[in-house]
Amino acid sequence: MMEDTGSDFTMTFRQLSEASVQQLHRGGFTQVTWALHDLSSHQLFSDWSRFYLLRLARQEGDDDEDRRHRMKSVNPRYVLRNWMAESATRKAETNDFSEVVLLHDVLGNPFIAQDAAEETGYAARPPLWGRRLKLVANSLEVFLRLQRRVTL
């Protein structure tokens, strides 16, 4: 289903960990939960959701909050995306290292929602300009070099 809908793997599982059982029952995911919204467009999603909820109900002694906590601890909210590295690299090339520092801080604790990362859109749907980017080894090398310069 994820491949068919082009769903984002990381954010689908993260948003699944943030959704309560009640929210999963209701469905109707919005653009705030964009990855689940994308996945829910698949014709088999309602069947999958029903089976998932049945599986959760069968897990004795496991409440919804425990499930969500466990899932959040292994599904990051933030991962380095091509568009983030490109944006930070472009700014750093003009001696503005603020985004390199921000990425360093955010990715140092990717499992916790962070205000600055949310404001920058690091957990949002990638911007249109960033969807076509392909990170090449040279770009990654430049980004890592810039990051080292900032942390020294």
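That block above? That's the structure.
How each quantity is defined
- Residues numbered from 1 in each chain as written.
- Predicted model: local features only at pLDDT ≥ 70, side-chain atom pairs only at ≥ 80, totals over all residues.
- Heavy atoms only, no water.
- Helix = DSSP H or I, 4+ residues; strand = E, 2+ residues; numbered from the N terminus.
- Buried < 20%, exposed > 50% of the residue type's maximum accessible area, 1.4 Å probe, protein only.
- Contact = heavy atoms within 4.5 Å.
- Core = buried A, V, L, I, M, F, W, Y, C linked by side-chain atoms within 4.5 Å.
- Polar contact = N/O pair within 3.5 Å; in protein donor to acceptor, adjacent residues only side chain to side chain.
- Axes fitted to C-alpha atoms, helices over the stretch in contact; angles between N-to-C directions.
- Nonpolar A, V, L, I, M, F, W, Y, C, P; charged D, E, K, R; others polar.
- Phe/Tyr/Trp six-rings, centres within 6.5 Å; stacked < 30°, edge-to-face > 60°.
- Lys NZ or Arg CZ within 6 Å of the ring centre and 35° of its normal.
- Salt bridge = Lys/Arg side-chain N within 4 Å of Asp/Glu carboxyl O.

Observations concerning the overall build of the chain
Within the chain, the regular secondary structure consists of ten helices and zero strands. Listing the helices and strands of the chain from first to last along the sequence gives α-α-α-α-α-α-α-α-α-α. In the chain, which comprises 152 residues, the share counted as buried stands at 36%. The long-range share in the chain, meaning contacts at least 24 apart out of those at least 6 apart in sequence, stands at 72%.

Some points on the nonpolar core
The biggest cluster of nonpolar side chains holds 16 residues, and the ones touching the most others in it are M11, Y78, M84, L103, V106, A117 and Y122. Listing elements by their share of this core, those giving two or more residues are α4 (34–39), α7 (82–92) and α8 (98–107). F29, L36, L39 and F45 belong to the second-largest nonpolar core, a separate cluster that totals twelve residues.

Brief notes about unusual backbone geometry
The backbone of N95 shows a phi angle near 65°, a positive value even though the residue is not glycine. Along the chain, N95 turns up in the loop between α7 and α8.

Some remarks on helix α2 (residues 9–18)
Within the span of α2, buried status applies to M11, T12, R14, Q15, L16 and S17. For α2, the secondary structure elements touched by its buried residues are α1 (2–5), α3 (21–26), α4, α5 (45–58) and α6 (64–74). Its side-chain oxygen at 3.3 Å from the backbone nitrogen of T10, D8 defines the N-terminal cap of α2.

Some points on the packing of α7 against α8
Where α7 meets α8, the closest approach of the two axes is 7 Å, and the angle between their N-to-C directions is 145°. Contacts between α7 and α8 involve M84, A85, S87, A88, K91 and A92 from the first element and E99, V100 and L103 from the second. When the residues that make up the contact of α7 with α8 are grouped by side-chain class, the tally is six nonpolar, one polar and two charged.

Structural notes on the packing of aromatic side chains
According to the stated counting rule, one finds six aromatic pairs in the structure shown. Here the aromatic rings of W48 and Y52 are separated by 5.1 Å at their centres, their planes lie at 10°, and the arrangement is stacked. Placement of the pair is W48 and Y52 together in helix α5, with a separation of four residues, close to one helical turn. In textbook terms, an aromatic cluster arises when at least three aromatic residues are bridged by ring pairs, as seen for F29, F45, W48 and Y52. Directly above the ring of F51 sits R50, whose terminal nitrogen or CZ lies 5.1 Å from the centroid.

Describing the pattern of salt bridges
Taken as a whole and judged by the stated rule, the model has eleven salt bridges. E65 is paired through a salt bridge with R68; the nearest N and O atoms lie 3.8 Å apart. Taken as a pair, E65 and R68 lie in helix α6 at a separation of three residues, close to a single helical turn. Judged by relative accessible area, which is 49%, E65 ranks as partly exposed. Assessed through its relative accessible area of 17%, R68 is described here as buried. Its salt-bridge partner being R77, residue E118 comes within 2.8 Å of it at the nearest N-O pair. One end of the pair, E118, is in helix α9 (residues 115–120); the other, R77, is in the loop between α6 and α7, with 41 residues separating them in the sequence. Among the residues examined, E118 registers a relative accessible area of 32% and is labelled partly exposed. Here R77 falls in the buried class, since its relative accessible area comes to 13%. Taken together, the salt bridges that share partners define one network made up of R14, E18, R77 and E118.

Bear in mind that shape data such as this cannot, by itself, settle questions of function.
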